[in-house]
Amino acid sequence: MRTAVLSLAIASLLPVVSVAAPKNIIYMIGDGMGPSYVAAYRYYQHNPADATVANTVYDDLLTGMASTYPDDETLVTDSAAAATALATGIKSFNGAIAVNRQHIPIGTMMQLAKRLGKANGIVASSQVNHATPAAFLAHSSSRRNMNDIADMYLDYRINGKPVADLIFGGGTDYFVRDDRNLVQGFTELGYQYTDDYRQLSTLTRLPAMALLAESGLPAVLNSDNDGMLAPLTEKALQLLSPAKQGFVLMVEGSQIDWCGHDNDIACAMAEMNDFAKAISVARAYVDANPDTLLIVTADHETGGLSLGAHGVYQWRPDVIKKVKATGREIVKQLQQLQDPQQISERYTALTGITLEQAQLQLLLSALQNTDDKVARSQVLRFISDASFTGWTSGGHTAADVQVMAYGKNADEFKGFMDNTSIAKKLIRYIQHAQ
Ligand code: MG
Ligand code: ZN
C-alpha cells in the first residue's frame, strides 16, 4: 500500500500544458449535486417579487458538463468510484477508494502535491474519512473500511509526514477510538487540533485538524445557525494561503447527497445553500489571488430529482421554504408524541403543511412502523407532493453533472468532458506549477 506512483506515471505521459499552471487549486465537490439540484436552488433562491430569476453562484461559474460513469457496466457511479476518478484521473469500481480495478493503489493529487512540496487539505461536511475525501488521501478496496481509512490518514507518510496538512470536518468516532487515538497521533506530529467549532480561531498555522462532530456535521436545516462549510473554507484558505509553493484544497458539500437519498428536498436546498456560500468564499479568494483556479463539480446525481411531478406544470419552492427540519428530525419529534391532534399540529409547525384527515391516518400508521424509514418517507412524500417535487430513486443516477471553473486556466474546463479529465488536468497543473 506504499506505491503511489501509477497516476504520476500516467500524468507524465500526457502532453505538457501550454498555459502556465495555477499556483493554487480549490476543488469543490457537491456530493449528489446533479443539474436539477442547481436549477432547484436557483428557483429556491428567487424572490417572487423580482421580475426575473437571478443567477446563483453556480450559474455564474458554469463552464461545462461531465460524465460520471464508473469502470464497470452499470453507468451509475457511487461516491467512492467517482471520487477516485476526480482525485486520480482513473476510473474504478463502485466502492473503490483510490485503487484501480485490480485493487492496486493509485496515486492521488493530494499525495502528488505533498511529494512536490505544495500544501494540501480537505474540508468536508461528512466525517472526514467518508468516501469522497478518503479517495484524495487514502487507499482501500472498500469505502466501508472506515477505521482503516482513518488510520491511513495518519500512517500513510510522504517524506515522513501524513499526506494532508489540513483536515476539517466531522469524525471523532473514527479518530478517537478505544483501540486507537489518531488525534493524539496527529497532535504528537505537531498538528493543532480542536473539536469545538467555537474554538476554530485557535488554529493558527498548518498542520491543523478540526473534527467537529462524531460523524457528519449537523444537517444545516436543523441547525439554529447557518452551516459551517463557508467559515471552514475561509479558515482553510487562511491557513493554506501562506504556503510558498501553493496549495490544493478539496472542499466537499457532503450531505447534499444524504438529503437526496432520503428524497428530502428542503434538506437538499439547505445543504446547497451552505455549499453555495462556501463557493462564494472561494470565488472571493480567487479575486484576491488570481494565481488560483477554482473548480466546482459533483460526483454524480442522487435521487433522480425532478422539478415538476405527476404531470402538473408547476414547481413550488415557496412550499419548500416553509419546511424547518429534515425528514429525520421531523420523525424524531413526531415519535415523541402520542395524541393524533398533537402529531398533526407538530407536523404543520415543522412543515407549513396542513394534513387532511386521510393524510393524517397515513402518517399515524407510518409512525407505528418499527422501521423509521417508513415514517420518514411518508413525512417527506407530503412535502414532495405539495411542492410537485419528483424523485425516481433512493440511490444515484447516471445523469451528467455540471462543471464550474473560475480563475486561472478556467477556460480549460469548457464544454463536455469526462470526470477523469478534470483530475488529469489538475494533476498536470500540480506537476508544472513551480
Ligand atoms: Mg461524499
Ligand atoms: Zn450517495
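Residues numbered from 1 in each chain as written. Chains lettered and ligands numbered in written order. Predicted model: local features only at pLDDT ≥ 70, side-chain atom pairs only at ≥ 80, totals over all residues. Heavy atoms only, no water.

Peer 1: I tried to follow the coordination of the magnesium ion (ligand 1) on my own but got confused; where do I start?
Peer 2: Under perfect tetrahedral coordination by four donors, a metal shows angles of 109.5 degrees; under perfect octahedral coordination by six donors, it shows angles of 90 or 180 degrees. Within the first shell, the magnesium ion (ligand 1) binds the protein through Asp-31 (OD), Thr-132 (OG1) and Glu-252 (OE), at distances of 2.0 to 2.2 Å. Positions of the donor residues of the magnesium ion (ligand 1) along the chain correspond to the pattern D-x100-T-x119-E. Of this pair, Thr-132 sits in helix 6 (residues 131-137) while Glu-252 sits in strand 9 (residues 247-253), placing them 120 residues apart in sequence. Residue Glu-252 is classed as buried on the basis of its relative accessible area of 1%. (Donors = N, O, S within 2.8 Å, 3.2 Å for Na, K, Ca; no water. Helix = DSSP H or I, 4+ residues; strand = E, 2+ residues; numbered from the N terminus. Buried < 20%, exposed > 50% of the residue type's maximum accessible area, 1.4 Å probe, protein only.)

Peer 1: Honestly, the side chain of Gln-378 in this entry has me stumped. Any pointers?
Peer 2: Examined against the element boundaries, Gln-378 turns out to sit in helix 17 (residues 372-387). Those residues in contact with Gln-378, other than ones at most four positions away along the chain, are Leu-362, Leu-363 and Ala-366. (Contact = heavy atoms within 4.5 Å.)

Peer 1: Teacher, can you tell me more about the sheet that holds strand 16 (residues 415-418) here?
Peer 2: For sheets, the rule is that strands pair by backbone hydrogen bonds, running either parallel or antiparallel. Taken together, the 10 strands give an open sheet; going across it, the order is 7-8-6-3-9-1-10-15-2-16, and neighbouring strands pair in mixed fashion. Two strands close off the open sheet at either side, each with one partner strand: strand 7 (192-194) and strand 16. For this sheet, the mean angle separating the axes of adjacent strands, direction not counted, is 15°. Judged from the 6 bridges that link them, strand 1 (residues 24-30) and strand 9 form a sheet pairing that is parallel. Residue Ile-26 lies in a different strand from strand 9, and its bridge partner there is Leu-249. (Pairing = 2+ DSSP bridges. Axes fitted to C-alpha atoms, helices over the stretch in contact; angles between N-to-C directions.)

Peer 1: What is the right way to read the packing of helix 2 (residues 35-45) against helix 12 (residues 265-288) from this model?
Peer 2: The relative placement of two packed helices comes down to the angle between their axes together with the axis-to-axis distance. Viewed as axis vectors pointing N to C, helix 2 and helix 12 meet at an angle of 90°, and their least axial separation amounts to 10 Å. As judged from the angle between their axes, helix 2 and helix 12 are roughly perpendicular. Across from Tyr-37, Val-38, Ala-40, Tyr-41, Tyr-44 and Gln-45 in helix 2, the residues of helix 12 making contact are Ala-268, Met-269, Met-272, Asn-273 and Ala-276. Class assignment of the residues belonging to the contact of helix 2 with helix 12 gives a composition of 9 nonpolar, 2 polar and no charged. (Parallel < 35°, antiparallel > 145°, perpendicular 65-115°, else oblique. Nonpolar A, V, L, I, M, F, W, Y, C, P; charged D, E, K, R; others polar.)

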